[in-house]
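A structural walkthrough
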Amino acid sequence: MKKSLLTGGLATLLLLGACSSEEPEAAEESVEEESVEANSNEEKTEEAATESANTEAETEESETVKRDESSNEVKAMENGTFEIQMAKVEIKDTKILPPDEYSDTGKDRLVVFYDVTSKVTPEEAGETEVSPLMVWTATVEATQETPDTIQDLNVGSVPMNEEYDKYLDTQMSVIKKDKTVENVTVYELENRENPVILKATQGFGGQDLGQMEIDVTE
(Lines give C-alpha, C1' and ligand atoms only; values in the text may rest on other atoms or scores of the structure.)
Protein backbone atom coordinates (compact mmCIF):
# COMPACT_ATOMS: atom_id res chain seq x y z
CA MET A 1 0.00 0.00 0.00
CA LYS A 2 2.76 2.42 0.90
CA LYS A 3 4.54 1.47 -2.23
CA SER A 4 1.43 2.26 -4.22
CA LEU A 5 1.06 5.65 -2.52
CA LEU A 6 4.66 6.43 -3.14
CA THR A 7 4.34 5.50 -6.76
CA GLY A 8 1.22 7.61 -7.15
CA GLY A 9 2.89 10.51 -5.39
CA LEU A 10 5.94 10.24 -7.57
CA ALA A 11 3.78 10.20 -10.71
CA THR A 12 1.92 13.27 -9.48
CA LEU A 13 5.18 15.12 -8.86
CA LEU A 14 6.47 14.17 -12.28
CA LEU A 15 3.23 15.33 -13.90
CA LEU A 16 3.30 18.65 -12.04
CA GLY A 17 6.90 19.09 -12.98
CA ALA A 18 6.10 18.52 -16.61
CA CYS A 19 3.25 21.04 -16.50
CA SER A 20 5.37 23.66 -14.79
CA SER A 21 8.13 23.20 -17.41
CA GLU A 22 5.63 23.54 -20.28
CA GLU A 23 4.10 26.81 -19.02
CA PRO A 24 7.28 29.00 -19.39
CA GLU A 25 7.84 27.60 -22.86
CA ALA A 26 4.30 28.56 -23.84
CA ALA A 27 4.80 32.00 -22.32
CA GLU A 28 8.05 32.44 -24.20
CA GLU A 29 6.37 31.41 -27.45
CA SER A 30 3.59 33.95 -26.81
CA VAL A 31 6.10 36.75 -26.17
CA GLU A 32 8.02 35.82 -29.31
CA GLU A 33 4.81 35.84 -31.37
CA GLU A 34 3.85 39.25 -29.98
CA SER A 35 7.36 40.57 -30.74
CA VAL A 36 7.24 39.26 -34.30
CA GLU A 37 3.78 40.76 -34.77
CA ALA A 38 4.97 44.13 -33.38
CA ASN A 39 8.00 44.10 -35.68
CA SER A 40 5.76 43.24 -38.63
CA ASN A 41 3.44 46.13 -37.77
CA GLU A 42 6.41 48.50 -37.47
CA GLU A 43 7.74 47.36 -40.86
CA LYS A 44 4.31 47.87 -42.43
CA THR A 45 4.11 51.35 -40.89
CA GLU A 46 7.58 52.23 -42.20
CA GLU A 47 6.69 50.86 -45.65
CA ALA A 48 3.48 52.91 -45.68
CA ALA A 49 5.39 56.03 -44.65
CA THR A 50 8.00 55.41 -47.35
CA GLU A 51 5.32 54.86 -50.00
CA SER A 52 3.58 58.06 -48.91
CA ALA A 53 6.83 60.04 -49.10
CA ASN A 54 7.61 58.57 -52.53
CA THR A 55 4.11 59.44 -53.75
CA GLU A 56 4.48 63.02 -52.52
CA ALA A 57 7.90 63.32 -54.16
CA GLU A 58 6.53 61.94 -57.46
CA THR A 59 3.61 64.37 -57.28
CA GLU A 60 5.94 67.34 -56.66
CA GLU A 61 8.23 66.21 -59.50
CA SER A 62 5.23 65.83 -61.84
CA GLU A 63 3.97 69.31 -60.96
CA THR A 64 7.45 70.75 -61.50
CA VAL A 65 7.69 69.10 -64.91
CA LYS A 66 4.26 70.46 -65.83
CA ARG A 67 5.32 73.96 -64.75
CA ASP A 68 8.55 73.65 -66.75
CA GLU A 69 6.69 72.42 -69.82
CA SER A 70 4.24 75.28 -69.49
CA SER A 71 7.00 77.90 -69.09
CA ASN A 72 8.84 76.51 -72.11
CA GLU A 73 5.77 76.33 -74.33
CA VAL A 74 6.14 77.28 -77.98
CA LYS A 75 3.36 79.54 -79.32
CA ALA A 76 2.62 80.54 -82.89
CA MET A 77 2.59 84.20 -83.86
CA GLU A 78 -0.59 86.06 -83.03
CA ASN A 79 -0.94 89.84 -83.33
CA GLY A 80 2.82 90.15 -83.66
CA THR A 81 3.65 88.02 -80.60
CA PHE A 82 5.17 84.52 -80.56
CA GLU A 83 7.08 82.30 -78.16
CA ILE A 84 9.97 79.91 -78.47
CA GLN A 85 11.18 77.62 -75.68
CA MET A 86 13.49 80.21 -74.17
CA ALA A 87 11.88 83.55 -74.96
CA LYS A 88 8.81 85.52 -75.94
CA VAL A 89 8.99 88.07 -78.77
CA GLU A 90 6.48 90.87 -79.20
CA ILE A 91 6.58 93.20 -82.21
CA LYS A 92 5.54 96.59 -80.92
CA ASP A 93 5.79 98.99 -83.87
CA THR A 94 7.35 99.70 -87.25
CA LYS A 95 8.66 102.80 -88.96
CA ILE A 96 9.98 103.74 -92.42
CA LEU A 97 13.22 105.72 -92.65
CA PRO A 98 14.34 107.44 -95.84
CA PRO A 99 17.95 107.06 -97.01
CA ASP A 100 20.50 109.20 -95.15
CA GLU A 101 24.21 109.30 -94.40
CA TYR A 102 23.96 106.03 -92.46
CA SER A 103 22.56 104.11 -95.45
CA ASP A 104 25.20 102.90 -97.91
CA THR A 105 22.70 101.57 -100.45
CA GLY A 106 20.42 104.57 -100.79
CA LYS A 107 17.39 102.41 -100.00
CA ASP A 108 14.47 103.16 -97.73
CA ARG A 109 14.62 101.23 -94.48
CA LEU A 110 12.09 99.45 -92.32
CA VAL A 111 12.66 99.74 -88.57
CA VAL A 112 11.00 97.05 -86.43
CA PHE A 113 10.60 97.79 -82.71
CA TYR A 114 10.18 94.71 -80.55
CA ASP A 115 10.45 93.34 -76.99
CA VAL A 116 12.16 90.13 -75.94
CA THR A 117 11.26 88.46 -72.63
CA SER A 118 13.49 85.65 -71.38
CA LYS A 119 11.76 82.50 -70.06
CA VAL A 120 14.95 80.97 -68.64
CA THR A 121 17.84 81.90 -66.41
CA PRO A 122 21.29 82.31 -68.00
CA GLU A 123 22.26 79.02 -66.31
CA GLU A 124 19.27 77.22 -67.81
CA ALA A 125 20.04 78.67 -71.23
CA GLY A 126 23.54 77.17 -71.12
CA GLU A 127 25.53 78.01 -74.23
CA THR A 128 22.49 79.61 -75.87
CA GLU A 129 22.56 83.37 -75.37
CA VAL A 130 19.16 84.95 -74.73
CA SER A 131 19.77 88.52 -75.86
CA PRO A 132 17.46 90.75 -77.94
CA LEU A 133 19.56 90.64 -81.10
CA MET A 134 20.40 86.93 -80.93
CA VAL A 135 16.79 85.88 -80.34
CA TRP A 136 15.50 88.02 -83.22
CA THR A 137 18.24 86.92 -85.61
CA ALA A 138 17.65 83.24 -84.81
CA THR A 139 13.86 83.33 -85.11
CA VAL A 140 12.79 85.99 -87.65
CA GLU A 141 13.48 86.42 -91.34
CA ALA A 142 12.19 89.27 -93.50
CA THR A 143 11.27 88.89 -97.17
CA GLN A 144 9.73 91.10 -99.83
CA GLU A 145 8.51 90.40 -103.34
CA THR A 146 10.07 92.06 -106.36
CA PRO A 147 8.74 91.71 -109.94
CA ASP A 148 10.78 88.54 -110.41
CA THR A 149 11.78 87.18 -106.99
CA ILE A 150 11.01 86.83 -103.30
CA GLN A 151 13.97 88.61 -101.77
CA ASP A 152 15.52 88.09 -98.34
CA LEU A 153 15.98 91.59 -96.96
CA ASN A 154 19.39 92.71 -95.84
CA VAL A 155 19.83 94.02 -92.33
CA GLY A 156 20.66 97.72 -92.31
CA SER A 157 22.47 99.94 -89.83
CA VAL A 158 20.67 101.32 -86.80
CA PRO A 159 20.66 105.14 -86.97
CA MET A 160 23.35 106.75 -84.83
CA ASN A 161 21.30 109.22 -82.85
CA GLU A 162 19.84 109.64 -79.37
CA GLU A 163 16.54 107.96 -80.26
CA TYR A 164 18.31 104.65 -80.98
CA ASP A 165 21.28 104.81 -78.60
CA LYS A 166 19.48 102.86 -75.86
CA TYR A 167 18.93 99.92 -78.21
CA LEU A 168 22.58 99.83 -79.20
CA ASP A 169 23.56 99.66 -75.54
CA THR A 170 21.45 96.57 -74.73
CA GLN A 171 20.96 94.64 -77.98
CA MET A 172 23.66 92.08 -77.09
CA SER A 173 22.96 91.97 -73.34
CA VAL A 174 21.88 88.69 -71.72
CA ILE A 175 18.32 88.99 -70.42
CA LYS A 176 17.44 87.71 -66.95
CA LYS A 177 14.53 85.30 -66.51
CA ASP A 178 11.09 86.98 -66.73
CA LYS A 179 12.70 90.29 -67.68
CA THR A 180 11.98 92.21 -70.88
CA VAL A 181 14.34 94.26 -73.02
CA GLU A 182 13.41 96.50 -75.99
CA ASN A 183 15.30 96.45 -79.26
CA VAL A 184 15.10 97.39 -82.95
CA THR A 185 16.13 95.77 -86.21
CA VAL A 186 16.52 97.65 -89.49
CA TYR A 187 15.88 96.15 -92.94
CA GLU A 188 16.73 97.67 -96.33
CA LEU A 189 13.63 97.68 -98.52
CA GLU A 190 13.62 96.47 -102.11
CA ASN A 191 10.62 98.63 -102.95
CA ARG A 192 7.69 100.49 -101.42
CA GLU A 193 4.96 98.69 -103.35
CA ASN A 194 4.97 95.22 -101.80
CA PRO A 195 4.55 94.36 -98.10
CA VAL A 196 7.37 92.97 -95.99
CA ILE A 197 6.73 89.51 -94.55
CA LEU A 198 8.23 88.74 -91.14
CA LYS A 199 8.32 84.96 -90.74
CA ALA A 200 8.94 83.45 -87.30
CA THR A 201 10.43 80.03 -86.56
CA GLN A 202 11.62 78.07 -83.55
CA GLY A 203 15.28 78.84 -84.21
CA PHE A 204 17.17 78.42 -87.50
CA GLY A 205 15.21 76.02 -89.71
CA GLY A 206 12.92 75.12 -86.82
CA GLN A 207 9.16 74.87 -86.44
CA ASP A 208 7.16 77.42 -88.43
CA LEU A 209 5.46 79.83 -86.02
CA GLY A 210 3.58 81.96 -88.51
CA GLN A 211 4.13 85.33 -90.11
CA MET A 212 3.21 88.99 -90.02
CA GLU A 213 2.65 91.28 -93.01
CA ILE A 214 3.86 94.88 -92.79
CA ASP A 215 2.58 97.54 -95.17
CA VAL A 216 5.41 99.79 -96.40
CA THR A 217 3.48 101.81 -99.01
CA GLU A 218 2.83 104.79 -96.74
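Reading the values: rules and limits
- Residues numbered from 1 in each chain as written.
- Predicted model: local features only at pLDDT ≥ 70, side-chain atom pairs only at ≥ 80, totals over all residues.
- Heavy atoms only, no water.
- Helix = DSSP H or I, 4+ residues; strand = E, 2+ residues; numbered from the N terminus.
- Buried < 20%, exposed > 50% of the residue type's maximum accessible area, 1.4 Å probe, protein only.
- Contact = heavy atoms within 4.5 Å.
- Areas by Shrake-Rupley, 256 points an atom, 1.4 Å probe, with all protein chains shown as cover.
- Pairing = 2+ DSSP bridges.
- Polar contact = N/O pair within 3.5 Å; in protein donor to acceptor, adjacent residues only side chain to side chain.

1. Considerations on the overall build of the chain
Within the chain one finds 4 helices and 9 strands. Taken from the N to the C terminus, the helices and strands of the chain come in the order α-β-β-β-β-α-α-β-β-α-β-β-β. Counting only residues that meet the buried cut, the chain has 28% of its 218 residues in that class. When contacts within the chain are restricted to residue pairs at least 6 apart in sequence, long-range pairs at least 24 apart make up 66% of them. A total of about 14600 Å² of accessible surface is found on the chain, and carbon and sulfur atoms cover 49% of it.

2. Brief notes about the pairing of strand S8 (residues 196–201)
Most of S8 sits out of view: 5 of its 6 residues are buried. The sheet contact formed by strand S5 (residues 140–145) and S8 spans 5 bridges and is antiparallel. When the sheet's bridge partners are listed, Ala142 is paired in S8 with Leu198. Here 5 bridges tie S8 to strand S9 (residues 208–214), and the two strands are oriented antiparallel to one another.

3. Some thoughts on the side chain of Thr117
Note on placement: Thr117 falls in strand S4 (residues 109–118). Relative accessible area serves as the criterion here: at 15%, Thr117 is assigned to the buried category. A polar side-chain atom of Thr117 sits 2.6 Å from a polar atom in the side chain of Thr180.

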